[in-house]
Amino acid sequence: ACTGIENIDEAITLLEQNNWDLVAAINGVIPQENGILQSEYGGETLQGPAYGPTSHSSAASSTPSSSSAFRHVVPSRQIVERQPRMLDFRVEYRDRSVDVVLEDSSTVGDIKHFLENELQIPASKMLLKGWKTGDVDDSTVLKTLHLPKNNSLYVLTPELPHPSSSHSGALQESLNQNFMLIVTHREVQREYNLNFSGSSTIQEVKRNVYDLTSIPVRHQLWEGWPPSATDDSMTLAASGLSFPCHRLTVGRRSSPVQTREQSEEQCTDVHMVSDSDGDDFEDATEFGVDDGEMFGVASSALRKSPMMPENAENEGDALLQFTAEFSSRYGDCHPVYFIGSLEAAFQEAFYGKARDRKLLAIYLHHDESVLTNVFCSQMLCAESIVSYLSQNFITWAWDMTKEANRARFLTMCTRHFGSVVAQTIRTQKTDQFPLFLIIMGKRSSNEVLNVIQGNTTVDELMMRLMAAMEIFSAQQQEDIKDEDEREARENVKREQDEAYRISLEADRAKREAQEREMAEQFRLEQIRKEQEEEREAIRLSLEQSLPPEPKEESTESVSKLRIRTPSGEFFERRFLASSKLQVVFDFVASKGYPWEEYKLLGTFPRRDVTQLDPNKSLLEVKLYPQETLFLEAKE
């Protein structure tokens, strides 16, 4: 009445943020200038929550008196609306802390612009974290977030280079680390091992624990949080948790309504009473009592997390949740469920080597069947069944509770097994679930060997699994024999193909060698012809350049030379005695005996004429009037 708050969710949120202290909650909403609200009965400060686990009549009778007490101090809502509500923010960035005070009509972008001036960081580079709600952007008005007066936020700048300070480096490293929280549920003495990143908040941890234990966040009593963890919006990296593991204990409060003195006596940790979340009000009455508690029924029995999300896009993700929820309900001793699509399970079970193939077991779960808990806990989780399934089967599971998931499986069933099997499963009643389908892969199709319903015993289940295994083993032996024969034929064919390939390689190598040899002979022949043509051209040139042979009746001195070739032939020619020795060399070369390859020898005395000066005359080298010379090849 005095604050004008009509939304019950918002009112309970404010009360929980102030440990159900009504005066503190109202003072957090009304400006502090109005002072602390006083009761008109003796001037005592009004203590304790306005609602509790009392009967409807007592709650109704107490409401008018409380309302009248507040009207005495704040007679009209106009006073509240006249002055804007101020919000205090403490923003941490690396090794700095900045205090920001803004009206609740401001936006998140206004906080960033203020920090831009203080931290010298562009607003577009900031990620402002620590909000207790979900999606928050720069245009979000603070009033719509229903924030308390004091708030803690932190800034991340992933696009900016990290400073070299050791403190900042350690904080960033902690944000990237994974923390293992070992949470003990006090009432049932059960432990949960939960993995969270360092950037997760304490509030996120408590929400996850709510999903596991069905204890709403506002009813959780905690032990084990470090003294430095003073705010649920704080990240795990900044809260002082032990790394990599930290132990916590959670339990349910005996009553959601306590006085401040009772709360202080019971709380051994700063987070014994948790901040609330909008999701917690689903099962909350306006008196703060769970429906399950009102009727004496455990809330965990009323609220079960689904085994599989409805309309899951990825079958692998759906199977991950199924496995996690199955372990949470029935313990870790259970069949190893294949994570992946049904097609992938077929591939794993049926399409390997014959010796490695297995049967495929499809477990169809249904939460609404009265047989489900007994079948899962006593039969499916029996050690003998688990061991036998792991050795001989690929086990795949699906949840038929939700209609969308049921329709999806029936579609898969029609595609892989045919309409008859799909119709058989479609006609199964809820109380006949869970079902266990035993599938054997054949060459052309997949055959359903057995459909086991939930109303069975461990011995009967084992016998039916073994019977299916016998049928499969006989088929597997035939497949192994066929596969061995096929591999033998393929090996012979491979050997023949390899021998043929080697023969082709040898023929090709021989042919290539012959072609190379012929090419080399052709090349050498071409060189020889070119050399002969060159020598013939030189010979003709020398022959044409020789001076004419003098006649016998010449009046000039004439020298007559008789030259013997290496083959024993002789040829003679007359030269002028005044001719140079080079003319004789040219004459011999014109006959095909170049002086570079042959030497010209004299007889008496024996001498090498080619060693003489070619510019001297025949008279000077004493080859006058006649001489017999011999041609000899040079070494």
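Procedures and definitions
- Residues numbered from 1 in each chain as written.
- Predicted model: local features only at pLDDT ≥ 70, side-chain atom pairs only at ≥ 80, totals over all residues.
- Heavy atoms only, no water.
- Helix = DSSP H or I, 4+ residues; strand = E, 2+ residues; numbered from the N terminus.
- Buried < 20%, exposed > 50% of the residue type's maximum accessible area, 1.4 Å probe, protein only.
- Contact = heavy atoms within 4.5 Å.
- Areas by Shrake-Rupley, 256 points an atom, 1.4 Å probe, with all protein chains shown as cover.
- Salt bridge = Lys/Arg side-chain N within 4 Å of Asp/Glu carboxyl O.
- Polar contact = N/O pair within 3.5 Å; in protein donor to acceptor, adjacent residues only side chain to side chain.
- Phe/Tyr/Trp six-rings, centres within 6.5 Å; stacked < 30°, edge-to-face > 60°.
- Lys NZ or Arg CZ within 6 Å of the ring centre and 35° of its normal.
- Axes fitted to C-alpha atoms, helices over the stretch in contact; angles between N-to-C directions.
- Parallel < 35°, antiparallel > 145°, perpendicular 65-115°, else oblique.
- Nonpolar A, V, L, I, M, F, W, Y, C, P; charged D, E, K, R; others polar.

Within an unreviewed UniProt entry, the label attached to the chain reads FAF1 factor, and the organism entered is Alectura lathami.

**What about the overall build of the chain?**
The number of helices and strands found in the chain is 18 helices and 17 strands. When each of the 635 residues of the chain is scored for burial, the buried share is 41%. Taking the contacts inside the chain whose residues are at least 6 apart along the sequence as the reference set, 66% of them involve residues at least 24 apart. Summing over all exposed atoms, the chain offers an accessible surface of approximately 35100 Å²; the carbon and sulfur share of this is 49%.

**Side note on the pattern of salt bridges**
A complete count under the given rule lists 30 salt bridges for this structure. Across the pair Arg 186 and Glu 223 runs a salt bridge whose closest N-O atoms are separated by 3.6 Å. Residue Arg 186 is located in the loop between strand 5 (178–185) and strand 6 (190–197), and its partner Glu 223 is located in strand 7 (residues 220–223); the two are separated by 37 residues in the primary sequence. The exposure class assigned to Arg 186 is partly exposed, which follows from its relative accessible area of 29%. Among the residues examined, Glu 223 registers a relative accessible area of 32% and is labelled partly exposed. For Asp 497, the salt bridge goes to Lys 493, with nearest N and O atoms at 3.1 Å. Of this pair, Asp 497 and Lys 493 both sit in helix 17 (residues 458–545), four residues apart, which is roughly one turn of the helix.

**Re helix 1 (residues 8–17)**
Within helix 1, burial applies to Ile 12, Thr 13, Leu 14, Leu 15 and Glu 16. Buried residues belonging to helix 1 abut helix 2 (22–29). The N-cap residue of helix 1 is Asn 7: its side-chain oxygen and the backbone nitrogen of Asp 9 are 2.8 Å apart. Directly beyond the C-terminal end of helix 1, a positive phi value near 55° is found at Asn 19.

**Some points on the packing of aromatic side chains**
One pass over the full model with this rule turns up 19 aromatic pairs. Consider the rings of Phe 322 and Tyr 337, whose centres lie 5.4 Å apart with planes at 85°: the pair is edge-to-face. You can see Phe 322 sitting in helix 11 (residues 315–330) and its partner Tyr 337 sitting in the loop between helix 11 and helix 12 (342–350), a full 15 residues away along the chain. Take Phe 322 and Tyr 337: they sit in the same class, and that class is buried. Taken together through their ring pairs, the aromatic side chains of Phe 322, Phe 326, Tyr 330, Tyr 337, Tyr 363, Phe 375 and Phe 436 make up a single cluster. In this structure, Arg 562 packs its charged tip against the face of Phe 570, placed 3.9 Å from the ring centre.

**Quick notes on the side chain of Gln 428**
Among the structural elements, Gln 428 can be located in the loop between helix 16 (419–426) and strand 11 (435–441). You can call Gln 428 buried: its relative accessible area is 13%. Among all residues touching Gln 428, those that are not within four sequence positions of it are Arg 406, Phe 433, Leu 435 and Gln 453.

**Description of the side chain of His 334**
Following the sequence through the fold, His 334 ends up in the loop between helix 11 and helix 12. Owing to a relative accessible area of 10%, His 334 belongs among the buried residues under this scheme. Of the polar contacts made by the side chain of His 334, one reaches the side chain of Ser 327; its length is 2.8 Å. With sequence-adjacent residues up to four places away left out, His 334 is seen in contact with Thr 323, Phe 326, Ser 327, Cys 381 and Val 386.

**Quick look at the packing of helix 15 (residues 403–417) against helix 16**
Packing of helix 15 against helix 16 brings their axes to within 7 Å, and their N-to-C directions diverge by 150°. Put simply, helix 15 runs roughly antiparallel to helix 16. In contact with Arg 406, Phe 409, Leu 410, Cys 413, Thr 414 and Phe 417 of helix 15, helix 16 contributes Ser 419, Val 421, Ala 422, Ile 425 and Arg 426. A breakdown of the residues in the contact of helix 15 with helix 16 according to their chemical character gives seven nonpolar, two polar and two charged.

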